[in-house]
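# Summary of the model geometry
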Amino acid sequence: MGFKCGIVGLPNVGKSTLFNALTATAAAEASNYPFCTIEPNVGRVGVPDKRLDELARIAKSAKIIPTQLEFVDIAGLVRGASKGEGLGNQFLGHIREVDAIVHVVRCFENPDITHVEGEIDPIRDIDVIETELMLADLESLEKRMPALEKKLKTKDPQALHQYPLMEKALELLRQGKPARYIQCTSEEKEEMQRLGLITTKPILYVCNVAENDAATGNQFTELVKARAEKEESRVAIISAAIEAEVASLDSEEEKTEFLQSLGLTETGLTRVIREGYSLLHLITFFTIGPKEAHAWTVEKGAKAPQAAGEIHSDFEHGFIRAETISYEDYMAFQGEQGAKAEGKLRLEGRDYLVQDGDIFHFRFNV
């Protein structure tokens, strides 16, 4: 399992530059005018994880396969997008299909790059986008309510579950608050996801800064951090210009040297992924052998059969047990045989909760 993040923001905030750098492609044309990205571009990137490299080294794996993250570059939204301005309805439809929203916010001054709203004001920019997303959700719910009310009269089970949640969402949206603020039980959260509301999706704010501010941030990023803290969202500070430069370099040594010259220890991609994982409560497990070292992703709280199902549905259906070694034990005893000799290989059953860094060999019967 990977996860799909939709990159949104006003025009000219650096979305397409970031997308190009993240995916190391030129699929999205980065230009100094609105709506240069008409169709969403989708790019997959390997999730950098030093643990995978270390495991592969010990196992002498011939191939390394990282888990993947999917980015969708969605064209710039503007005021009135919920009413169709700037092809807004089309773009809002694309946002409904993602798991999380990566909201790129311009936090740099540059007179050569126009700002659709005039001066630089990240909080106003966030409000513009969020207002359009709330209006889109409000319109969607108001259209669906009459049909749902008819189903209520027939005691339709789905309508009985959805109607009170839709009422709560409508109340919040009419107050100018996103639907993510609804207090839900775990069962209600699953039902909320089925409603397909944009403003229930978790948000990662990506502050795009000038090169000189990449390591420390600036007064604009501090405003975004305060906003994110208040709404329990996440923040990553990057410089799209730096990411583009890093993506153009050939060797890891060149990339490391370039980053160090700017006072950075990692790329923006790494920060975005780390914050994204935290936002969506994702963890990584591994399958390791001489043929390949493979990283996989599951949600925190997943059980062993669900992890097996990420590899193949047959593994989940025929799950017997999971031979399990922790990453720490695998490293400490230099591989599977060493861990086994020290009694660190465990046999876990159906109710075992997957831990981040677990190394599995699944036993199954089909």
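Data block above holds the structure.
Residues numbered from 1 in each chain as written. Predicted model: local features only at pLDDT ≥ 70, side-chain atom pairs only at ≥ 80, totals over all residues. Heavy atoms only, no water.

## Side note on empty space enclosed by the protein
Taken as a whole, this structure holds one cavity of 30 Å³ or more when the rule is applied. Its volume calculated, the largest cavity comes out at about 40 Å³. Around the largest cavity sit Val-8, Ile-101, His-103, Ile-129, Glu-130, Leu-133, Ile-203 and Tyr-205, which together line it. Elements supplying a minimum of two residues to the lining of the largest cavity: strand S5 (100-106), helix H4 (122-153) and strand S6 (203-208). Of the residues forming the lining of the largest cavity, the biggest block, three residues, is contributed by H4. Class assignment for the residues of the lining of the largest cavity results in six nonpolar, one polar and one charged. (1 Å grid on protein atoms, 1.4 Å probe; cavity = no way out; pocket = protein on both sides within 12 Å on 5 of 7 lines; lining within 4 Å. Points joined across faces, edges and corners; volume = space filled by probe spheres on them. Helix = DSSP H or I, 4+ residues; strand = E, 2+ residues; numbered from the N terminus. Nonpolar A, V, L, I, M, F, W, Y, C, P; charged D, E, K, R; others polar.)

## Some details on the sheet that holds strand S4 (residues 68-73)
Pairing is mixed across the open sheet formed by six strands, whose spatial order is S2-S4-S1-S5-S6-S7. Strand pairing shows two members of the sheet lacking a second neighbour, strand S2 (41-46) and strand S7 (234-238), which therefore form its edges. Strand-to-strand twist in this sheet, taken as the mean axis angle between neighbours without regard to direction, amounts to 25 degrees. Alignment of S5 against S6, held across six bridges, turns out to be parallel. Each bridged residue has a counterpart across the sheet, and for Val-105 the counterpart in S6 is Cys-207. Against the sheet, helix H1 (residues 15-23) touches strand S1 (4-8), S2, S4, S5, S6 and S7, its axis set at about 40 degrees to S2. (Pairing = 2+ DSSP bridges. Axes fitted to C-alpha atoms, helices over the stretch in contact; angles between N-to-C directions. Contact = heavy atoms within 4.5 Å.)

## Some remarks on the layout of surface pockets
With a probe scaled to a water molecule rolled over the atoms, the places where space remains empty come into view. Of the voids in this model, the largest pocket is the one considered here, and its volume is about 1,400 Å³. Together, 35 residues line the largest pocket, and Lys-189, Gln-193, Thr-200, Pro-202 and His-281 are the ones closest to its centre. Listing elements by their share of the lining of the largest pocket, those giving two or more residues are helix H6 (186-194), helix H7 (219-231) and helix H10 (268-280). The element that contributes the greatest number of residues to the lining of the largest pocket is H6, accounting for five residues. Its residues assigned to classes, the lining of the largest pocket comprises 14 nonpolar, nine polar and 12 charged. In this structure, the second largest pocket encloses a volume near 1,200 Å³. As for the second largest pocket, its lining consists of 33 residues, of which Pro-48, Asp-49, Thr-267, Leu-269 and Thr-270 are closest to the centre. When contributions to the lining of the second largest pocket are tallied by element, the ones reaching two or more residues are H1, S2, helix H2 (50-59), helix H8 (240-248), helix H9 (252-261) and H10. Partitioned by chemical class, the residues of the lining of the second largest pocket number 16 nonpolar, seven polar and 10 charged.

## Quick word on the environment of Leu-55
With respect to the helices and strands, Leu-55 occurs in helix H2. Taking relative accessible area as the criterion, Leu-55 reaches 0% and is therefore assigned buried. Placed 276 residues apart in sequence, Leu-55 and Met-331 show a C-alpha to C-alpha distance of 7.4 Å. Setting aside its immediate chain neighbours within four residues, Leu-55 contacts Phe-286, Ile-288, Tyr-327, Tyr-330, Met-331 and Ile-359. (Buried < 20%, exposed > 50% of the residue type's maximum accessible area, 1.4 Å probe, protein only.)

## Topic: the nonpolar core
Nonpolar side chains tend to gather and get buried jointly when the protein is soluble and globular. Residues Leu-69, Phe-71, Val-102, Tyr-205, Val-206 and Val-224 are the most contacted members of the largest nonpolar core, which totals 57 residues. At six residues, H10 tops the list of elements feeding residues into this core. Once you skip the residues sitting within four places of it in the chain, Val-224 turns out to touch Val-105, Cys-107, Pro-122, Ile-123, Ile-126, Tyr-205, Cys-207 and Val-235. (Core = buried A, V, L, I, M, F, W, Y, C linked by side-chain atoms within 4.5 Å.)

## Section: the environment of Lys-303
Its place among the elements puts Lys-303 in the loop between strand S9 (292-299) and helix H11 (304-311). We classify Lys-303 as partly exposed; its relative accessible area is 34%. Along the backbone, Lys-303 and Leu-353 are 50 residues apart, and their C-alpha atoms lie at a distance of 4.5 Å. In contact with Lys-303, other than residues within four places in its own chain, are Arg-350, Asp-351, Tyr-352, Leu-353 and Val-354.

## Re a negative patch on the surface
A cluster of like negative charges, contributed by Asp-250, Glu-253, Glu-254 and Glu-257, occupies part of the molecular surface. Looking at the element boundaries, Glu-253 is found in helix H9. (Patch = residues over 30% accessible without salt bridge, like charges linked within 9 Å, V, L, I, M, F, W, Y side chains within 5 Å. Areas by Shrake-Rupley, 256 points an atom, 1.4 Å probe, with all protein chains shown as cover. Salt bridge = Lys/Arg side-chain N within 4 Å of Asp/Glu carboxyl O. Lys, Arg positive; Asp, Glu negative; His and termini not counted. Charge placed at Lys NZ, Arg CZ, Asp CG, Glu CD.)

## As for the pattern of salt bridges
The final tally for this structure, using the stated rule, is 23 salt bridges. Notably, a salt bridge pairs Arg-96 with Asp-137, separated by 3.2 Å at the nearest N-O pair. Here Arg-96, found in the loop between helix H3 (88-95) and S5, pairs with Asp-137, found in helix H4; they are 41 residues apart in sequence, far enough to count as distant. Linking Glu-130 and Arg-227 is a salt bridge whose minimum nitrogen-to-oxygen distance equals 3.6 Å.

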